[in-house]
Amino acid sequence: MIIVLACNYKVGQTGHFSCLALQRMGHTVIPVTPTPDAPEEWIKVDPQVDAVSLVNGLNPKPDAFFYVEGSVGAPFLPRRIDELSIPAACWLYDNYLNFRWHKELCALFDHAFFAQLNRVQLARSYGRNNVEWLPFAADEEFHRDFGVARDIDIGYLGTITPQKQKYFAQFEKSGMKVVTNERYYSYDEIGRFYSRCKLVYNILARRDLNVRSFEAPCAGALVVNQGWIDEGARMIFPEGQAAMYHNFDDAPQICRRLLDDDAERKRMAENARKTVLSGHTYRHRMEKVIEALGKGASNGRIARSGDFAAPLAEGLICGHRDFRMRERAAGKLFGGIARSPLRAAASLSKYLLWRVYEKAEKTVWSFGKAPV
């Protein structure tokens, strides 16, 4: 299959690993990005490139269009995605952070994949029946067990704040040291670091089942996940079998027990490693994407494109603070309303009601904010 892969390119992020996996599978990938410093083989485009013109201008003609979210702080939303003659899919992963516009973006695609199971269920409740669960993954080449000595009891890779440093100091009272990254680790260094760890501690941005949950066990380390996590975590990594879960206050005790019980820790770590390699690599994720794209353009997307739904959704996305494409937002919103004023008004009312729900949810989250 010849696939246009569109994302805000950053090495070591989901779009990068998706591209590598598709190429290893034998597919022809035409990668496009607005990121100017992306590798030479990536086609540089405008952040609002016309998707139809882009696809029609390529030779050979692509079979599918695949958009992957990229957390690089720059807006990227091609125009006329909903009008493509080839099947189109998107993979969105910061669903707890960006659900407000993620649920709208689904309207422009045949297939939408969310990394967080809870948000899949909410998106379907909102009326987006084309959403499926596609969690994060690990790369079997870069995140494998490198067979080095496990000389780190507890490892953590992520942003280090004074609050985190203060929290990790509590572990030292139990005779444990949390080794953190003193600098940014490149994508090809992460697996080697995790291969040195017995345990990997996981703190979540919100409730995200994040990449750390897959990369660390792929390298043979046992993950101690934050207990307040997306429901999908325990489905993939059952507690006591392939992971452990903490509530911050009990984390030092859990880690101490696991380090003292070498056999139990190794048993769970090996279960988790086998789980990832048997069903949760980027190859597995791309197999599901390819299967969906192979079904062709859907009647649902075609209907939304010809009606009010797609332009209204696109207008709401473009008006979001992450995009600030105000002229495009106004044109799409007014265009959608003009096509069907009453149904568009009902859709906007539903959107506003969901905004109230999202704000209330965010308030509830703030009460249970992590101490780090």
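Model, not experiment: these values are computed from the prediction. (Residues numbered from 1 in each chain as written. Predicted model: local features only at pLDDT ≥ 70, side-chain atom pairs only at ≥ 80, totals over all residues. Heavy atoms only, no water.)

Peer 1: For this particular structure, what's the right way to read the overall build of the protein?
Peer 2: The helix and strand tally for the protein stands at 15 helices and 12 strands. Taken against the 2.2 N^0.38 rule, which gives 21 Å for 372 residues, the C-alpha radius of gyration of the protein at 22 Å falls within 12% of a compact globule. For the protein, the residues scored as buried account for 55% of the 372 residues in total. For the protein, the accessible surface area stands at approximately 16100 Å², while carbon and sulfur atoms represent 52% of it. Each charge class in the protein was averaged separately, 50 positive and 43 negative side chains, and the resulting centres sit 4 Å apart. (Helix = DSSP H or I, 4+ residues; strand = E, 2+ residues; numbered from the N terminus. Rg over C-alpha atoms; globule rule 2.2 N^0.38 Å. Buried < 20%, exposed > 50% of the residue type's maximum accessible area, 1.4 Å probe, protein only. Areas by Shrake-Rupley, 256 points an atom, 1.4 Å probe, with all protein chains shown as cover. Lys, Arg positive; Asp, Glu negative; His and termini not counted. Charge placed at Lys NZ, Arg CZ, Asp CG, Glu CD.)

Peer 1: Teacher, can you tell me more about the side chain of Arg265 here?
Peer 2: Within the secondary structure layout, Arg265 lies in helix H10 (residues 262-279). A polar atom in the side chain of Arg265 sits 3.4 Å from the backbone oxygen of Leu258. Setting aside residues no more than four positions away along its own chain, Arg265 makes contact with Lys198, Leu199, Leu222, Leu258 and Leu259. (Polar contact = N/O pair within 3.5 Å; in protein donor to acceptor, adjacent residues only side chain to side chain. Contact = heavy atoms within 4.5 Å.)

Peer 1: Sorry, what's going on with the sheet that holds strand E12 (residues 244-246) here?
Peer 2: Neighbouring strands of a sheet are bound in pairs by backbone hydrogen bonds; such pairs are parallel or else antiparallel. Read across the sheet, 5 strands follow the order E9-E8-E10-E11-E12 without closing on themselves; strand pairing throughout is parallel. Each edge of the open sheet is held by one strand with a lone partner, namely strand E9 (178-180) and E12. Shown here is a sheet whose adjacent strand axes are inclined to one another by a mean of 30°, direction ignored. Both strand E11 (residues 222-226) and E12 contribute to a ladder of 3 bridges, which runs parallel. Looking at the pairing, Val224 lines up with Met244 of E12. Where helix H6 (residues 187-195) meets the sheet, it contacts strand E8 (152-156), E9 and strand E10 (197-201), and its direction lies at approximately 115° from that of E10. This element, H10, spans E10, E11 and E12 of the sheet and lies at about 85° to E11. (Pairing = 2+ DSSP bridges. Axes fitted to C-alpha atoms, helices over the stretch in contact; angles between N-to-C directions.)

Peer 1: How do you make sense of the packing of helix H1 (residues 14-24) against helix H11 (residues 282-293) when you look at a structure like this?
Peer 2: Axes are the key here: two packed helices are described by the angle between their axes and the distance separating the axes. Running from N to C, H1 and H11 point in directions that differ by 75°, and their axes come no closer than 9 Å. As the angle between them shows, H1 and H11 are arranged roughly perpendicular. Contacts between H1 and H11 involve Thr14, Phe17, Ser18, Ala21, Leu22 and Arg24 on the former and, on the latter, Tyr282, Arg283, Met286 and Ile290. When the residues that make up the contact of H1 with H11 are grouped by side-chain class, the tally is 6 nonpolar, 2 polar and 2 charged. (Parallel < 35°, antiparallel > 145°, perpendicular 65-115°, else oblique. Nonpolar A, V, L, I, M, F, W, Y, C, P; charged D, E, K, R; others polar.)

Peer 1: Help me understand a positive patch on the surface, please; the structure alone is not making it clear to me.
Peer 2: On the surface, a cluster of positive charge is made up of Arg321, Arg324, Arg326, Lys359 and Lys362. Note on placement: Arg321 falls in the loop between helix H13 (309-318) and helix H14 (326-339). (Patch = residues over 30% accessible without salt bridge, like charges linked within 9 Å, V, L, I, M, F, W, Y side chains within 5 Å. Salt bridge = Lys/Arg side-chain N within 4 Å of Asp/Glu carboxyl O.)

Peer 1: So what exactly am I meant to see when it comes to the packing of helix H3 (residues 95-105) against helix H15 (residues 341-367) here?
Peer 2: One can describe the packing of H3 onto H15 by two numbers: an axis separation of 11 Å at closest approach and a directional angle of 170°. Judged by the inter-axis angle, H3 sits roughly antiparallel to H15. Residue-level inspection shows Tyr96, Phe99, Arg100, Lys103 and Glu104 of H3 in contact with H15, the latter providing Tyr351, Trp354, Arg355, Glu358 and Trp365. Its residues assigned to classes, the contact of H3 with H15 comprises 5 nonpolar, no polar and 5 charged.

Peer 1: Which parts of the structure should I look at to understand the nonpolar core?
Peer 2: It is characteristic of soluble globular proteins that their nonpolar side chains tend to be buried jointly. Judged by nonpolar contacts, the single largest core of 90 residues is most densely connected at Phe65 and Phe66. Counting residues in each nonpolar core, the second largest holds 21 residues, with Tyr156, Met176, Val178 and Tyr201 among its members. (Core = buried A, V, L, I, M, F, W, Y, C linked by side-chain atoms within 4.5 Å.)

Peer 1: Explain the pattern of salt bridges here, please?
Peer 2: When the charged atoms of two side chains with opposite charge come close together, those side chains can pair. Taken as a whole and judged by the stated rule, the model has 27 salt bridges. Arg24 serves as the salt-bridge partner of Asp139, at 2.9 Å between the closest nitrogen and oxygen. Taken as a pair, Asp139 in the loop between strand E7 (131-133) and E8 and Arg24 in helix H1 lie far apart in primary sequence, 115 residues in all. Between Glu189 and Arg183 there is a salt bridge, with its nearest N and O atoms 2.8 Å apart.

Peer 1: Even after reading the chapter, I still don't get the sheet that holds strand E3 (residues 43-44), so can you show me in this structure?
Peer 2: Reading across the sheet, the 7 strands line up as E3-E2-E1-E4-E5-E6-E7 and stay open at both edges, with parallel pairing between neighbours. The open sheet has two edge strands, E3 and E7, and neither has a second partner. Judged from the 3 bridges that link them, strand E6 (residues 111-114) and E7 form a sheet pairing that is parallel. Counted as the bridge partner of Phe113 is Glu132 from E7. Contacts from H3 reach strand E4 (64-68), strand E5 (88-92) and E6, with the element oriented near 170° to E6.

Peer 1: Would you take a moment to explain the pairing of strand E1 (residues 2-7) for this structure?
Peer 2: The buried count for E1 comes to 6 of 6 residues, which makes it a mostly enclosed element. Residues Ile2, Val4 and Ala6 point to one face of E1 and Ile3, Leu5 and Cys7 to the other, with burial holding for every one of them. The handedness of the E1 to strand E2 (residues 28-33) crossover, carried by H1, is right-handed. (Right-handed = clockwise from strand over helix to strand, strands pointing away.)

Peer 1: What is the right way to look at unusual backbone geometry in this model?
Peer 2: Where the residue is not glycine, phi is negative for most of them; where a peptide bond is considered, it is trans in most cases. Look at the link from Asn59 to Pro60: it is a cis peptide, with omega at 10°. One non-glycine residue with positive phi stands out, namely Phe248, at about 70°. Since its relative accessible area comes to 9%, Phe248 is described here as buried.

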